[in-house]
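Summary of structural features
The residues making up each chain are set out below.
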Amino acid sequence: MMDSAPVVCEASPDEQVAPVTTTTPPGADDMAEEEVNDISSDDDQDIEKTKVDHVSVSGPSPWKPSGSFWKDAWFFVGPGWLVSIAYIDPGNYQADIQAGSSSQYTLLFAVWWSSMLSIYVQRLCTRLAYYAQLTLAETQAKDAKNDFYRYVSWGLAEFSSMITDLPEVIGFGIACHYFFGWPYYIGVLLSLVTTMIFLATLRYGIQALEGIILFFVGIMSIALWLEMAVVGPDTNELLKGWAIGFVDVTSQDLFRIASILGAVVMPHNLYLHTAAIQSRRVQRQEVVVRKAVKYCSLEPVLPILVSFFVNMAVVTIAAEQVYGTPNAEEVGLTDFCTYFQSLKGGCLLWGIALLAAGQSSAITTTFTGQYVMDGFLRIRLPFEVRALMTRLMTIVPCVVVSILFPDGLNDMVNLVNASLSLFLPFAFCPLVKYNCSERIMGKFASRGIEKTVLFSFAIVVWLINSIALSAPGGGFFGEFVPQMEWSVKKVFWIILQIIIQAFYAWWNLGTLFSPVGFMPRPLEEERPPDEQFAKSTSCTFID
C-alpha cells in the first residue's frame, strides 16, 4: 500500500519527554482564575517565548484570554461542529428510523442519554488534547507495551473508522437515487469524486471546511424539522419516551439500543476530536490552558444538542408515519421518505438531508483515518491519498451490495451501527484511563467520585456490548446460536463466542486498569505545530 503512495519515508526515534509537575499549592485554583483576568487586561505583560528542542514555532500567535467572553468563545468554535456530524449521519438516521418504527417513542431516552454521554466524552477529549497535548491515537501508541499492542490498537481504530464510512456512502447513493433516479451504485461511486472536491477546500484552511460542514448541518436540520412540524408529534408520548422510556424497554430493544449507542457515541469521534482541537493553539501557561479547556468543553454542547433534536425529528416521523404499518421494522434509509405523506416533495427533502449528512460525514471520517494512522504508525499521507484509500475500501462492498442485494442496504447499516457500539470500548476505555491518570494529566487528573463515575461508565459500556454480543435480540450470536440443533457446527459457534468474549473482556478491562507506561511533555512546553496533513508529502515510522 505504501509502495504505491507518492511519499518519502524517514525514520525518527521516539520523542523523549519530561514528567509533568503535579504539586498544587493551597488555593491555587482560585488564584488561577484571578490570574486569567490579569493576563487578559494587561497587554504589556511579558509572556516567555516557548521553545521546544530548538524547533521554532511559526504561524499565528497562540491564543490568550482577551477579556471578552464572546470573542474568546468564538476562537474555539469549529471542532465541535466538525465532530457533531457523527451524531447526525446516515447511520444515526437508520438507528432513529428503527427506534421509531418499532418502539414508537420508547427509545427516545436512549438517544438523549447517548447525547449527554457524548457531551461528557468530548470534554474528556478536550482535557487530553490540551493538558497532555496529545491525540488519543498518539497516547495509545506511546502507552502500548510493545508493537503487538500498538498494531492491534491501530487495527481496531482503523477498522472502526472505515466501517463508519459505509453508511455515509450508502446515504449518498440513496440521495442520488431520489434526485436523479440513478441506481444506488452510481451514487456510491460518485461519492468518491465529491469527497475529493470538498477536501480540496483544505488549501483555504481547516476553518473553510468547518464552515462548509456547518452549512450542511443547517440544511439537514431544517429539512427534517419541517417534516416533523407537518407530521405533528404526539407530545405526551414523546415526553414520556424522552423521560422514562426505559420502563417499557424489552429484550427485543437491546439491538436497537446498542445501535443507537454506536451511532451516537461513535468510536472514531474520540480520535477526531482530540486531534481537531490541536488546530487551536494556546499559550502554554496553566491559567491560559485551563481557560482554553473551559471554552473548548463548552463548544460542542450546542452542536450536540442540535443533533439530538435532529435525531428526535427522525424518531418522531418514524413513530407517527411508520409505526404500526406492515413491515414497519424493515423500513430504513432506502424507503423512509415514502412515508412523508404530509409534505409535498418529502423525498426531495430526505435526499437533501442524506446528501448533506453523507457528504460531510465522509469528510470527517477521512480526517479521522489520517489522525489514526499518524498517531499509531507515524505515517502521514496527503489527504487526497488517504481519502482515496479509505473511500475505495468502503465503496467496494457498498457497490456489491447495492447491485446484488439492493434491498439489503438497510440491514447493512443496522449491522454497522451495532458493530460501532461493539468497538466503542476500545476507544472509550483508554480515554477514561488517561483522564484519570496523574502520570498523563498531572494535577488535572480526575479523582474521587468523578474517577469512580468514569470507570463505572467505561465498565457499563463494555458490559452492555458484551451482553448484546451473546444475548437474543442483540443482533449477533444470540440471534441464531440458541436456535441451532446440537452439532459440531453449534459447538464451533459457542467456542468462537467464548474466545471473542474472553478477548473483549481481557483487552478492554486490561486497558482500563493497567498502569500508564509513559509521561507526556510538561504543560508549559508547547507541542511543535504540525504541518497540514493535506500538504504532507512524507511519512515517519516509530521505531
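Residues numbered from 1 in each chain as written. Predicted model: local features only at pLDDT ≥ 70, side-chain atom pairs only at ≥ 80, totals over all residues. Heavy atoms only, no water.

If you tally the helices and strands in the protein chain, you get 20 helices and 2 strands. Counting across all 543 residues of the protein chain, residues that qualify as buried make up 56%. Look at the contacts in the protein chain between residues 6 or more apart in sequence, and 84% of them connect residues 24 or more apart. Of the roughly 22,900 Å² of accessible surface on the protein chain, 63% is carried by carbon and sulfur atoms. (Helix = DSSP H or I, 4+ residues; strand = E, 2+ residues; numbered from the N terminus. Buried < 20%, exposed > 50% of the residue type's maximum accessible area, 1.4 Å probe, protein only. Contact = heavy atoms within 4.5 Å. Areas by Shrake-Rupley, 256 points an atom, 1.4 Å probe, with all protein chains shown as cover.)

Next up on the list: the pattern of salt bridges. This model, assessed by the stated rule, comprises 13 salt bridges. With its nearest N and O atoms 3.1 Å apart, the salt bridge here joins Asp 253 to Arg 256. When sorted by exposure, Asp 253 lands in the same class as Arg 256, which is buried. Salt bridges linked by common partners bring Glu 138, Asp 374, Arg 378 and Arg 527 together as one network. (Salt bridge = Lys/Arg side-chain N within 4 Å of Asp/Glu carboxyl O.)

Now for helix H15 (residues 346-377). Between its terminal C-alpha atoms H15 stretches 46 Å, which fits the 46 Å expected from 32 residues at 1.5 Å a residue. Taken across its 32 residues, H15 has 27 buried, putting it largely inside the fold. Two residues or fewer after H15 comes Arg 378, characterised by a positive phi angle close to 60°. (Expected span 1.5 Å × (residues − 1).)

Take Met 519: it is sitting in the loop between helix H20 (488-513) and strand S2 (538-542). With relative accessibility at 23%, the residue Met 519 sits in the partly exposed group.

Here Ser 221 shows up in helix H9 (residues 206-231). Given a relative accessible area of 3%, Ser 221 falls into the buried group. If near-sequence neighbours (up to four positions away) are discounted, Ser 221 is found in contact with Val 306 and Val 310.

Bringing the nonpolar core into the picture now. In terms of nonpolar packing, the biggest core is built from 149 residues, with Tyr 93, Tyr 130, Phe 336, Trp 350, Phe 428 and Val 432 touching the most fellow members. The element contributing the most residues to this core is helix H17 (residues 409-435), with 16 residues. Residue contacts for Tyr 93: discarding those within four places in its chain leaves Ile 88, Met 220, Leu 224, Val 310, Val 314, Leu 333, Trp 350, Ala 353, Leu 354 and Ala 357. (Core = buried A, V, L, I, M, F, W, Y, C linked by side-chain atoms within 4.5 Å.)

Take Asn 311: it is sitting in helix H14 (residues 301-321). Along the backbone, Asn 311 and Val 264 are 47 residues apart, and their C-alpha atoms lie at a distance of 9.7 Å.

Once that is clear, we can look at the environment of Val 293. Here Val 293 lies in helix H13 (residues 286-298). Classification of Val 293 as buried rests on a relative accessible area of 6%. Considering only alpha carbons, one finds Val 293 and Leu 128, 165 residues apart in sequence, at a separation of 9.5 Å. When sequence neighbours within four positions are dropped, the list of residues in contact with Val 293 reads Thr 126, Arg 127, Tyr 130 and Tyr 131.

This part is about a nonpolar patch on the surface. Where nonpolar side chains cluster on the molecular surface, the patch consists of Tyr 185, Ile 186, Leu 189, Val 396, Val 400, Ile 403, Leu 404 and Phe 405 and spans about 720 Å² of accessible area. If you list the elements that add at least two residues to the nonpolar patch, you get helix H8 (184-199) and helix H16 (383-404). Mapped onto the elements of the fold, Tyr 185 is located in helix H8. The class of Tyr 185 is partly exposed, set by a relative accessible area of 31%. (Patch = residues over 30% accessible without salt bridge, like charges linked within 9 Å, V, L, I, M, F, W, Y side chains within 5 Å.)

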